[in-house]
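Observations on the three-dimensional arrangement
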Amino acid sequence: MNLQGSPGDRRTIRQLIAKSLAKIIQLLNKQTILVLTLLLCAGIAGALWNMSHLSSNLIQSQALQNAALYAQAIEEARTLYSSEIIPRIEAVPEITITDNYATQEKAIPVPATFLIELSQRLAQKNPGMSVRLYSEYPFRQRQATGGPRDNFEWEALRALRQHPDRPFVRLEKFQGRLSLRYAQADLMKASCVACHNTHVDSPKKDWKVGDVRGVLEISSPLDEFMAKTQTGLQGTFVMLALLSLLGLLGIALVIGRLRQTSKELELRVIERTMQLQEANQELTVEQEKSENLLLNILPEPIARQLKDGQSNIADGFAEVTILFADLVNFTQLSEKISPKELVWLLNEIFSGFDRLTEQHNLEKIKTIGDAYMVVGGLPEPRPDHAEAIAQMAIDMQQEIAQFNAKHNQALSIRIGINTGPVVAGVIGTKKFIYDLWGDTVNIASRMESHGLPGEIQVTATTYEYLQSRYALEQRGSIQVKGKGEMQTYLLKGRKREVSLT
């Protein structure tokens, strides 16, 4: 259509378009029932498609979560077995640790055999599920079953070597069934390096802590769940069709009445709209206050989950770094000043720590008295969690030094750091907090309580993360409650900073 003619022609064209639209609207008003029928049919079809899509995603998400939990449980069981049980058994000369423990008296399995048999039993208890541990370097007695078998397993090995902290997941046909295949890196632990590098049958003799020695794979069939879901959706479709028919009959009866009262309703709508606009403005202000308060208590991702209606929030994190700090001489200071002044000084110190937490993009967990706890690597994982915590600790020492100079005080800070896996979540229904659990937390607390005033004590695990960029002094072996002898180090600063002094 050419709209470049005279002004009179353009006016005529606009009038024709307006008349056509008016006729269409008039026709739709007369055929309200037909239009509603078409809209309801389209809505039912869209709802069913969306329900099918959501169900499929939910099944896959649940299968992925279950696989991750199984994998974590298996890894934790093996870690406990190799780090706590095996060292104790080795001290008993009558007991042998071997692959062929079933054929020998007074024998127990090596950690790898323990893990494989535990996986097999889990698979037996869950029909259809497959649990496998495989590697490019299987021991001689496991050459037939311990290596990768198919394309997925080869690709999993390649992907996990590049990104050991990310699971490799794929939905595909496995053993003739649609399955979710979940693979995660089996990392070499400090307690296993010596054994693997000295074992006579070991195919690789240069293992290091953190190397990907293999893959733990868990495969779960999903076809039965999806088939049941589709069957349920068919029944839902029939029910929705019947309800829609009843709804159309009801609409046909009341549509006449609605037309008669439409003008009155329009006036009321205008009035109510103005009221709602005012109420919405007030609600927006209150929501902003509520959200700001919630974000002051919880990490943003956790706050979003709570607002979405989730009541049980718990996540496992394979690698985080935790810092505990405690003010030395603070008890003596509290005996010399008033309670109000004491709280004011403590608030100034912790407010400075809070600014450092935001500066380094870390997560403050809580304060207990004059103790401060912060973590790196959650709720959003990050590869440099140990370095960020180390820098936070150094800056905390500087913050205390500035505080002492400003207030003529002699406070010092004792800091302990540890790296490892934790479980994090929200507990309670009133005054709830975001907290951490696990042995990693306990060891970090011990590093602080067994530390030296004015020093930053780290575990051997954290030392492995920091040694390339930070200067650390070996403190030596110390006796730690509940853990026995532990090798610890004192963090002195970045290497470039130490070299300038």
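Presented here is a report on the structure given in the accompanying data block.

What counts as what
- Residues numbered from 1 in each chain as written.
- Predicted model: local features only at pLDDT ≥ 70, side-chain atom pairs only at ≥ 80, totals over all residues.
- Heavy atoms only, no water.
- Helix = DSSP H or I, 4+ residues; strand = E, 2+ residues; numbered from the N terminus.
- Contact = heavy atoms within 4.5 Å.
- Areas by Shrake-Rupley, 256 points an atom, 1.4 Å probe, with all protein chains shown as cover.
- Core = buried A, V, L, I, M, F, W, Y, C linked by side-chain atoms within 4.5 Å.
- Buried < 20%, exposed > 50% of the residue type's maximum accessible area, 1.4 Å probe, protein only.
- Phe/Tyr/Trp six-rings, centres within 6.5 Å; stacked < 30°, edge-to-face > 60°.
- Polar contact = N/O pair within 3.5 Å; in protein donor to acceptor, adjacent residues only side chain to side chain.
- Patch = residues over 30% accessible without salt bridge, like charges linked within 9 Å, V, L, I, M, F, W, Y side chains within 5 Å.
- Salt bridge = Lys/Arg side-chain N within 4 Å of Asp/Glu carboxyl O.

Concerning the overall build of the chain
- A count of helices and strands for the chain gives 14 helices and 14 strands.
- In the chain, of all internal contacts separated by at least 6 residues, the share reaching a separation of at least 24 is 64%.
- Accessible surface, the chain as shown: approximately 30,500 Å² in total, 56% of it carbon and sulfur.

Structural notes on the nonpolar core
- The biggest cluster of nonpolar side chains holds 37 residues, and the ones touching the most others in it are Leu323, Phe353, Met396 and Ile415.
- Ranked by the residues each element gives to this core, the list is headed by helix H11 (residues 385-407), at ten residues.
- Setting aside residues no more than four positions away along its own chain, Met396 makes contact with Leu323, Ala325, Phe353, Leu356, Tyr372, Ile413 and Ile415.
- One finds Phe317, Phe324, Val375 and Leu436 within the second-largest nonpolar core, a separate group that totals 15 residues.

Details of the packing of aromatic side chains
- Per the counting criterion, the structure on display carries six aromatic pairs.
- Arranged with centres 5.3 Å apart and planes meeting at 55°, the rings of Phe350 and Tyr372 form a pair that is tilted. Here Phe350 is found in helix H10 (residues 339-359), whereas its partner Tyr372 is found in strand S9 (residues 371-376), with 22 residues between them in sequence.
- With a relative accessible area of 1%, Tyr372 lands in the buried category.
- Their ring planes at 75° and their centres at 5.3 Å tell us that Phe353 and Tyr372 sit as a pair that is edge-to-face. Here the residue Phe353 occupies a position in helix H10, and Tyr372 occupies one in strand S9, the gap between them amounting to 19 residues.
- Overall, the relative accessible area of 1% leaves Phe353 in the buried class.
- Taken together, the ring pairs in this structure connect Phe350, Phe353 and Tyr372 into an aromatic cluster.

Topic: the side chain of Arg382
- Turning to its location among the elements, Arg382 is positioned in the loop between S9 and H11.
- Judged by relative accessible area, Arg382 falls into the buried class, the value being 19%.
- At a separation of 2.8 Å, a polar atom in the side chain of Arg382 contacts the main-chain carbonyl oxygen of Asn361.
- Among the polar contacts made by the side chain of Arg382, one reaches the side chain of Asp384 at a distance of 2.8 Å.
- Residues contacting Arg382, with those up to four places away along its chain left out, are His360, Asn361, Leu362, Gly377 and Ala388.

Comments concerning a nonpolar patch on the surface
- Taken together, the side chains of Met239, Leu243, Leu245, Leu246 and Leu249 make up a nonpolar region of the molecular surface, amounting to roughly 520 Å² of accessible area.
- Within the secondary structure layout, Leu245 lies in helix H6 (residues 223-260).

Structural notes on unusual backbone geometry
- The linkage connecting Leu378 with the following residue, Pro379, adopts the cis geometry, with an omega of 0°.
- The phi dihedral of Asn329 falls on the positive side, at around 70°, and the residue is not glycine.
- Structurally, Asn329 is set in the loop between strand S7 (314-328) and helix H9 (330-334).
- Overall, Asn329 belongs to the partly exposed group, its relative accessible area being 36%.
- Of note, Asn408 is a non-glycine position whose phi angle comes to about 55°, a positive value.

Thoughts on the pattern of salt bridges
- Summed over the entire model, instances satisfying the criterion amount to 20 salt bridges.
- Two residues, Arg170 and Glu155, come together in a salt bridge whose shortest N-O distance is 2.2 Å. With Arg170 in strand S4 (residues 168-174) and Glu155 in helix H4 (residues 151-162), the pair connects residues that are 15 residues apart, well separated along the chain.
- Owing to a relative accessible area of 24%, Arg170 belongs among the partly exposed residues under this scheme.
- We classify Glu155 as partly exposed; its relative accessible area is 23%.
- Between Arg469 and Glu387 there is a salt bridge, with its nearest N and O atoms 3.1 Å apart. In this pair, Arg469 sits in the loop between helix H13 (460-466) and strand S13 (470-480) while Glu387 sits in helix H11, placing the two residues 82 residues apart along the sequence.

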